[in-house]
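Structure at a glance
So you can see what is in the structure, the chains are spelled out below.
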Amino acid sequence: MTRKISILGATGSIGTSTIDLVERNREQFEVTAVTAATNVEKLADIARRTGAKLAVVADERRLGDLQGLLSGTGCRAAAGENALVEAAVAEADLVIAAIVGCAGLKPVMAAVECGKTIALANKEALVTAGALMMDAAAAKGATLLPIDSEHNAIFQCLAGSRLNDVSRIILTASGGPFRSATAQYIEAATPAQAVAHPNWSMGAKISVDSATLMNKGLELIEAHYLFGLPSEQLDVVIHPQSVIHSMVEFVDGSVLAQLGSPDMRTPIAYALAWPGRIATPAKRLDFAAVGRLDFETPDLQRFPALGLARHALESGGAAPIVLNAANEIAVASFLDGQIRFTDVAAFVQEALNHARYGTPRSIGDVLEIDRVTREKTRGMMKASCS
Ligand code: NDP
């Protein structure tokens, strides 16, 4: 039986890896809907190749171009926020949530409200609305399958276990491109240096997050919501080889780890085929060639973003929304060459210091806190530049 899938963020790094797996296993998957932000050329190419019935571009100004590119294909073109939600609730057994940033929240939440099975890469959606999303998933019978390699590893290690038997989750982090760099070097880091990840090939935003270690901070919050453990039971260890993707320690002292070469097609394949498995072309581990596995404690002085994220997790309420919104704005400004690398964490810290919001009770509340924080962060940047 073929599994119908809808791919949100089909043109990105996760989307491209997903399409690669679908094309290698055509008899098992049927793509029904695909989405992008602006890249209509790549979106139309994906829609043609996969035979998708709906292609959505978020930017409404690109609708005419998309319609032109899809004419004669039988694939309907649509644009805008409501159309993204339509793609998320389209006829599909599995929704791949691979939009980057809080922009993915509404579509992901719509899929949750429909009780869908969602393969979640879009960690920012869970970071900003984790409690609301997990409550809705429980109420509507939705299933969240983590694609993030660390959470996918934990999900695999937890299979068949009781949460009560878990004493600790240990998230591994490569340490990013500046793991062994001096504070002076890091301060002067350029966007090109920051996105040059030593082990993984990813989109620009998550690559910068990996360099600041904010990515690991977002993952702490993601793990908290996905697996229901408090901050004290969530650890981070630097593991430069990225061979162990994360570990679970049980009350008896046993530690289970999931290992593999750093290729996102492995966790994506697990989510696509769950509860079964499909073959992937990921390079097999040659343990003798790997030789050794190293571990280090993260340095919160050089990488303060990780400490800020843990603090936001422990503060709860609106803090993770503020952390994420300020980070999204600061990372975009860094990539644009407007602020220094070390300013990213500094602006996030400032945004958190000034935030005074109650706990969000609805997705509308989350989006409003996100909007106001973005505005304020832009204002702080403007003020500091003038
Ligand atoms: P990319 O930047 O490569 O792709 C992002 C996708 O989202 C693209 O399809 C893009 O469209 C679309 N998009 C961007 N902005 C919007 C918007 N405002 N509205 C609708 N669609 C939008 O990102 P990645 O694939 O690297 O990451 C996607 C998510 O997966 C992120 O949350 C990231 O943290 C997570 N993740 C990624 C990993 C990786 O290896 N890449 C690993 C683990 C998690 P367009 O192409 O038109 O811009």
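In this text, all values refer to a predicted model and were calculated from it rather than measured experimentally.

1. Things to note about the layout of surface pockets
With a probe scaled to a water molecule rolled over the atoms, the places where space remains empty come into view. Empty space within the second largest pocket amounts to approximately 270 Å³. If you go around the second largest pocket, you meet 16 residues; those closest to its centre are Thr266, Arg277, Thr280, Ala282 and Arg284. Looking at the lining of the second largest pocket, the elements with two or more residues in it are β11 (255–259) and α12 (265–273). If you tally residues by element for the lining of the second largest pocket, the top one is α12, at three residues. Here the residues of the lining of the second largest pocket sort into seven nonpolar, six polar and three charged.

2. Comments concerning the pairing of strand β4 (residues 76–79)
Strand direction decides the pairing type here: strand β3 (residues 54–57) and β4, joined by four bridges, are parallel. Looking at the pairing, Val56 lines up with Ala78 of β4. A crossover links β3 with its parallel partner β4, the connecting element being helix α3 (residues 63–70), and its sense is right-handed.

3. Observations concerning the packing of helix α1 (residues 13–24) against helix α2 (residues 40–50)
Interhelical geometry of α1 versus α2 gives an angle of 15° and a closest axis separation of 11 Å. By the criterion of interaxial angle, the relationship of α1 to α2 is roughly parallel. Along this stretch, α1 crosses α2, giving a crossing that reads as left-handed. Contact residues: Thr16, Ile19 and Glu23 in α1; Lys42, Ile46, Arg49 and Thr50 in α2. Of the residues contributing to the contact of α1 with α2, the split by class is two nonpolar, two polar and three charged.

4. Notes on the sheet that holds strand β2 (residues 29–36)
The seven strands are arranged β4-β3-β2-β1-β5-β6-β7 in an open sheet whose pairing can be described as parallel. Two strands in the sheet have a free side with no partner beyond their single neighbour: β4 and β7 (143–146). The average undirected angle you get between the axes of adjacent strands in this sheet is 20°. Along the sheet, α2 contacts β2 and β3; its crossing angle with β2, the most-contacted strand, is approximately 170°. Where α12 meets the sheet, its contacts fall on β1 (3–8), β2, β5 (94–97), β6 (117–120) and β7, and the angle it forms with β1 comes to roughly 135°.

Quick notes on the rules
Think of each chain on its own: its residues are numbered from 1, step by step along the sequence as written. Where totals are concerned, whole chains, interfaces and linings use all residues; where local detail is concerned, this predicted model gives features only for residues with pLDDT of at least 70, and gives and counts side-chain atom pairs only at 80 or more. Water and hydrogen atoms were dropped before computing side-chain values, which therefore reflect all heavy atoms in the structure. Cavity means a closed set of points on a 1 Å grid over the protein atoms alone, one where a 1.4 Å probe fits but cannot get out, pocket means an open set with protein on both sides within 12 Å along at least 5 of 7 lines, and lining means a residue has an atom within 4 Å of a point. Grid points are joined across faces, edges and corners, and a volume is the space filled by probe spheres set on the points. Going along the chain from the N terminus, every DSSP run of H or I of four or more residues is numbered as a helix, and every run of E of two or more is numbered as a strand. Charged means Asp, Glu, Lys or Arg here, nonpolar means Ala, Val, Leu, Ile, Met, Phe, Trp, Tyr, Cys or Pro, and polar covers whatever is left, Gly included. The rule for pairing is simple: two strands pair if DSSP sees at least two bridges between them. Crossovers are described as right-handed under a simple rule: with the strands pointing away from the observer, the path leading from the first strand over the helix to the second runs clockwise. Note on geometry: axes are C-alpha line fits, over the in-contact stretch for helices, and angles between N-to-C directions span 0 to 180 degrees. Between 65 and 115 degrees an angle is taken as roughly perpendicular, under 35 as roughly parallel, over 145 as roughly antiparallel, and anywhere else as oblique. Here a crossing is called left-handed whenever its near helix is offset anticlockwise from the far helix by less than a right angle, and right-handed whenever the offset is clockwise. Here a residue-residue contact requires only that any non-hydrogen atoms of the pair lie within 4.5 Å.

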